[in-house]
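Chains, contacts and geometry: an overview
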There are 2 protein chains.
Amino acid sequence: MSAQLVAEHGLTINDYEALLHLARAEDGRMRRVDLAERLILTASGVTRLLDGLEAAGLVERASCASDRRVTYAVLTAAGRTKLHEASESHMADIRAYFEGRFSSEELKQLAALLGRLPGAADAAGEDCAA
Amino acid sequence: MSAQLVAEHGLTINDYEALLHLARAEDGRMRRVDLAERLILTASGVTRLLDGLEAAGLVERASCASDRRVTYAVLTAAGRTKLHEASESHMADIRAYFEGRFSSEELKQLAALLGRLPGAADAAGEDCAA
DNA sequence: CCGCTATACTTGAGTACGCAACCAATATAG
DNA sequence: CTATATTGGTTGCGTACTCAAGTATAGCGG
């Protein structure tokens, strides 16, 4: 399933998740640290992940006026488009996977239970929210 | 949690899982292919994982009489001991994690639902089964 | 019996990380 | 206002994988 993302859209799951978090964030931008926390990655992991997304033109850097240490990652128009494309097939894959194995009642239970795990501040069901 | 395993016992989660599957298998041995399937790794991943475990003396190679292509991975006594040690703290960690977040009723639901996912042929709850 | 495909495994190259060490800018303490 | 700690970020090195290619054995169909 994550292989689908790579094959069809050239995105790692973490690439995808990064774009997704950015799309949901205010102004489509986040500090690298915060992104790291969301993705459960180290700072260095985020640096290199964003290196790739920047090279692909899907995100840009922006500096912060009030704190010169931080550099924001900002979603570009191309990034937003890419996310939408990828989201379409990826969400369908996920949906098919779970709906093929669980009833909608069971899915509700699972969502309720697993939603309480740390790092689950999200994803009510609809797509990329942007 | 997987960091605990590495820090306290020098085992990757996959190292641990490999020992666990071997311990549960007949005669403590498995073909590398079958181990790969269980661990959701490629053949080459297993080769290198076992390289490490062999170097540590936790598993050994054995050849198959009826098919000279296959090499078995066999759990050594040291491997079994190591598994028991690691199992103790690892199971406790897992238990603490889930019991801290879910009631026993909820845990039963989760086990029933998630147990239906592919690759869940296992782990009724007790430790390393050996 | 001979080629052909499939299976079990290994090896070389590349990728996605983590960790530790580092620099720069900001907060806090004295 | 300096001195120290804290926070945001990048970089070098090591590790755990994957994929593609290669070797060896096994099991065909003709």
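Before any of the text, the structure's been laid out above.
Here goes a summary of the coordinates provided. (Residues numbered from 1 in each chain as written. Chains lettered and ligands numbered in written order. Predicted model: local features only at pLDDT ≥ 70, side-chain atom pairs only at ≥ 80, totals over all residues. Heavy atoms only, no water.)

Once that is clear, we can look at the interface of chain B and chain A. Listed by partner, the interface residues are 11 residues for chain B and 11 residues for chain A. Counting the surface lost from both chain B and chain A, the interface buries some 1,200 Å², and carbon and sulfur atoms represent 67% of this. Three residues, B:F102, B:L113 and B:R116, lead the burial of chain B against chain A; their summed loss comes to 39% of the area buried on that side. Connecting chain B to chain A are two salt bridges. Ionic pairing is found between B:E106 and A:R116, a salt bridge with its closest N-O pair at 3.0 Å. (Contact = heavy atoms within 4.5 Å. Buried area = accessible area lost by both parts, 1.4 Å probe. Salt bridge = Lys/Arg side-chain N within 4 Å of Asp/Glu carboxyl O.)

Turning to helix α5 (residues 77–99) of chain A, a few remarks are in order. Residues and elements named next belong to chain A. The end-to-end C-alpha distance of α5 is 32 Å, a good match for the 33 Å that 23 residues give at a rise of 1.5 Å each. Most pronounced at S87, the bend in α5 amounts to some 30 degrees. Buried within α5 we find G79, L83, A86, S87 and H90. Looking at the buried positions of α5, the neighbouring elements they touch are α1 (2–9), α2 (13–24) and β3 (71–75). (Helix = DSSP H or I, 4+ residues; strand = E, 2+ residues; numbered from the N terminus. Expected span 1.5 Å × (residues − 1). Bend = angle between axes of the 7 residues up to and from the residue. Buried < 20%, exposed > 50% of the residue type's maximum accessible area, 1.4 Å probe, protein only.)

Turning our attention to the relation of the copies chain B and chain A. Note on the identical chains: chain B maps onto chain A by a rotation of 180 degrees and an axial translation of 0.0 Å, with an RMSD of 0.1 Å. Both copies are brought into coincidence by an operation consistent with a two-fold rotation axis. Across chain B, the rotation axis passes nearest the C-alpha of B:L110, at a separation of 3.6 Å. Looking at chain B, 100% of its interface residues are interface residues in chain A too, so the copies touch through the same face. (Least-squares fit on C-alpha atoms with pLDDT ≥ 70 in both.)

This next bit is on the sheet that holds strand β2 (residues 59–63) of chain A. Residues and elements named next belong to chain A. As summarised here, the arrangement of the three strands in space is β1-β3-β2, forming an open sheet in which the pairing is antiparallel. The outermost strands of the open sheet, each flanked by one partner alone, are β1 (29–31) and β2. Direction aside, neighbouring strands of the sheet carry axes that sit 30 degrees apart on average. Pairing between β1 and β3: three bridges, direction antiparallel. Each residue of the ladder has a partner; that of R31, found in β3, is Y72. Along the sheet face, helix α3 (residues 32–39) touches β1, β2 and β3 and points at about 90 degrees away from the line of β1. Packing against the sheet, helix α4 (residues 43–55) makes contact with β2 and β3, and its axis sits at approximately 115 degrees to β2. (Pairing = 2+ DSSP bridges. Axes fitted to C-alpha atoms, helices over the stretch in contact; angles between N-to-C directions.)

Looking at DNA strand D, there are 23 residues lining it, with A:V33, A:T47, A:R48, A:R61 and B:N14 nearest. Among atoms of DNA strand D positioned within 4 Å of the protein, sugar and phosphate together represent 69%. Contact distances for DNA strand D include 2.3 Å between a base oxygen and a side-chain N or O atom of A:R48. Side-chain polar atom of B:R69 to a base oxygen of DNA strand D: 3.4 Å apart, as the coordinates give it. (Near = heavy atom within 4 Å. Polar contact = N/O pair within 3.5 Å; in protein donor to acceptor, adjacent residues only side chain to side chain.)

Not every one of the 22 residues close to DNA strand C is listed here, only the nearest: A:R48, B:V33, B:T47, B:R48 and B:R61. Atoms of DNA strand C within 4 Å of the protein: sugar and phosphate make up 66%, bases the balance. The separation between a base nitrogen of DNA strand C and a polar side-chain atom of A:S44 is 2.8 Å. Within the side chain of B:T47, an N or O atom sits 2.6 Å from a phosphate oxygen of DNA strand C. Taken together, the elements giving at least two residues each to the surface near DNA strand C come down to α4 of chain A together with α3 (32–39) and α4 (43–55) of chain B. Sorting elements by how many residues they give to the surface near DNA strand C places α4(B) first, with four residues. Split into classes, the residues belonging to the surface near DNA strand C amount to five nonpolar, eight polar and nine charged. (Nonpolar A, V, L, I, M, F, W, Y, C, P; charged D, E, K, R; others polar.)

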